[in-house]
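Chain by chain, the residues:
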Amino acid sequence: FSTFRASYPIKLLTPKVHSPYLAAAYIITYGGGMVSGDSVFLSVEIHPNVNLMLLTQGSTKIYKQRPGKMFVNNNILQNGEGLKISEGTRQKLNSFIHKNALLLQLPDPTTCFRDADFTQRQVFTLQDVTSSVIILDWFTCGRMSRGERWDFFKYDSGIDLILSDKLIFRDVVLLKNDNQNNILKKRLEPYECYATLVLYGPKVIPLINFIIEEFNKIVIGKIDKMPELVWSASILNEKQSIINGVVVKVAGITTELVRNFLVKFALKDLKDIIGENLFERAL
């Protein structure tokens, strides 16, 4: 790393890796999560001919939204005066991938606690067609051990993929509950984990081709009950005759089912790029 620094509320750690031209960094939050009012901005640049893997140390917990200003005087609180609602929790990632470089964004899933308000934007800029990227963005329904399922206030996560100066892919997941009824629970159950996986560039073409071939084998027909895991794939390309990327959407009734799908299927050949030890550490 030529530049490597961070400040509260995150810190960065670098494990030793045993693969050539590969660097790895853990993005760690104090207390294992982000509290109401936290605002994180991370800027990443991957120089030519380098592979960089970004990881987290367990799931990113988003704690409940709290008022930004409180008064001791109960009368003021009861009247609602002086209460300032927090802007929630925000996170932004800007990354630039140079020629023949690869960024692997492989965090653990985001878990929003009851009443949490989370907004995230991730921008990935590829210098040219020789740049590559793997982007994993996934989230759970909440703290299932505490009986929380889709009880957060808002989850808003967006991905922009830019090639040179052209936007070639944008995806936004916006989930928002009302104040009375848990409409998310009604709409999203029985699934408890959702994932978006984006692969683009020459270094991940074997993975892209494998996913597309396997998806084309799926036969769509009538089913008696909802499957435990469902997934779909869409080709992401600049020219109709050339496949440069793929977008995969996954939903599972448990987080482990989605994780197993990623490890044993969608990203199983990733170990050839980063090494088996790092692959097991990553996912």
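Per an unreviewed UniProt entry, the chain goes by Urease accessory protein UreD and derives from Rhizophagus irregularis.

Per the secondary structure count, the chain includes 6 helices and 18 strands. Long-range pairs, those at least 24 residues apart, make up 72% of the contacts in the chain with a sequence separation of at least 6. In the structure as shown, the chain presents an accessible area of about 15100 Å², 50% of it carried by carbon and sulfur atoms.

We now examine the pattern of salt bridges. When the charged atoms of two side chains with opposite charge come close together, those side chains can pair. In total, this model carries 11 salt bridges according to the counting rule given. One salt bridge in this structure joins Arg114 and Glu148, with 3.8 Å as the shortest N-O distance. Of this pair, Arg114 sits in the loop between strand 11 (110-112) and strand 12 (117-126) while Glu148 sits in the loop between strand 13 (132-140) and strand 14 (154-163), and the two are 34 residues apart along the sequence. Residue Arg114 is classed as partly exposed on the basis of its relative accessible area of 38%. Glu148 sits in the buried class, given a relative accessible area of 4%. A salt bridge links Lys154 to Asp117, with the nearest nitrogen and oxygen atoms 3.7 Å apart. Placement of the pair is Lys154 in strand 14 and Asp117 in strand 12, with a sequence separation of 37 residues. Through salt bridges that share partners, Arg114, Arg143, Glu148 and Asp151 make up one connected network.

Before going further, it helps to examine the packing of aromatic side chains. Overall, the coordinates contain 16 aromatic pairs when judged by the stated rule. Ring geometry for Phe139 versus Trp150: centroids 6.3 Å apart, planes at 75 degrees, classification edge-to-face. You can see Phe139 sitting in strand 13 and its partner Trp150 sitting in the loop between strand 13 and strand 14, a full 11 residues away along the chain. As far as the burial class goes, Phe139 and Trp150 line up, both buried. When the centroid spacing of 5.4 Å and the interplanar angle of 50 degrees are considered together, the rings of Trp231 and Phe261 count as tilted. Pair noted here: Trp231 is in strand 17 (residues 229-236) and Phe261 is in helix 4 (residues 255-266), with a separation of 30 residues, a long-range link. On the basis of relative accessibility, which here comes to 18%, the residue Trp231 falls in the buried class. Put simply, the rings of Phe118, Phe139, Trp150, Phe152, Tyr155, Tyr191 and Tyr194 pair up and form one aromatic cluster. Between Arg143 and the ring centre of Phe113, over which it is positioned, the NZ or CZ distance is 3.9 Å.

Here strand 4 (residues 39-46) shows a clear split, with Val40, Leu42, Val44 and Ile46 buried on one side and none of Ser39, Phe41, Ser43 and Glu45 buried on the other. Alignment of strand 4 against strand 9 (residues 89-97), held across 8 bridges, turns out to be parallel. In the strand pairing of strand 9, Leu42 is matched with Leu93.

The strand order across the open sheet formed by 5 strands is 4-9-12-14-15, and the pairing between neighbours is mixed. One side of each edge strand has no neighbouring strand; the edge strands of this open sheet are strand 4 and strand 15 (166-176). On average, each strand axis in the sheet is inclined to that of its neighbour by 5 degrees, with strand direction left out of account. Note that strand 14 and strand 15 share 10 bridges and pair antiparallel. Note on strand 15: the bridge partner recorded for Ser157 is Val173.

What follows concerns unusual backbone geometry. In this structure, the amide linkage connecting Tyr8 to the following residue, Pro9, adopts the cis form with an omega of 15 degrees. Topologically, Pro9 is positioned in the segment before strand 1 (10-13). The omega torsion across Glu189 and Pro190 is 15 degrees, close enough to zero to call that bond cis. Structurally, the position occupied by Pro190 is in the loop between helix 2 (183-188) and strand 16 (193-200). Although it is not a glycine, Asn100 adopts a positive phi angle of roughly 55 degrees. When you line up the elements, Asn100 lands in the loop between strand 9 and strand 10 (102-105). We classify Asn100 as partly exposed; its relative accessible area is 36%.

Definitions and limits used
- Residues numbered from 1 in each chain as written.
- Predicted model: local features only at pLDDT ≥ 70, side-chain atom pairs only at ≥ 80, totals over all residues.
- Heavy atoms only, no water.
- Helix = DSSP H or I, 4+ residues; strand = E, 2+ residues; numbered from the N terminus.
- Contact = heavy atoms within 4.5 Å.
- Areas by Shrake-Rupley, 256 points an atom, 1.4 Å probe, with all protein chains shown as cover.
- Salt bridge = Lys/Arg side-chain N within 4 Å of Asp/Glu carboxyl O.
- Buried < 20%, exposed > 50% of the residue type's maximum accessible area, 1.4 Å probe, protein only.
- Phe/Tyr/Trp six-rings, centres within 6.5 Å; stacked < 30°, edge-to-face > 60°.
- Lys NZ or Arg CZ within 6 Å of the ring centre and 35° of its normal.
- Pairing = 2+ DSSP bridges.
- Axes fitted to C-alpha atoms, helices over the stretch in contact; angles between N-to-C directions.

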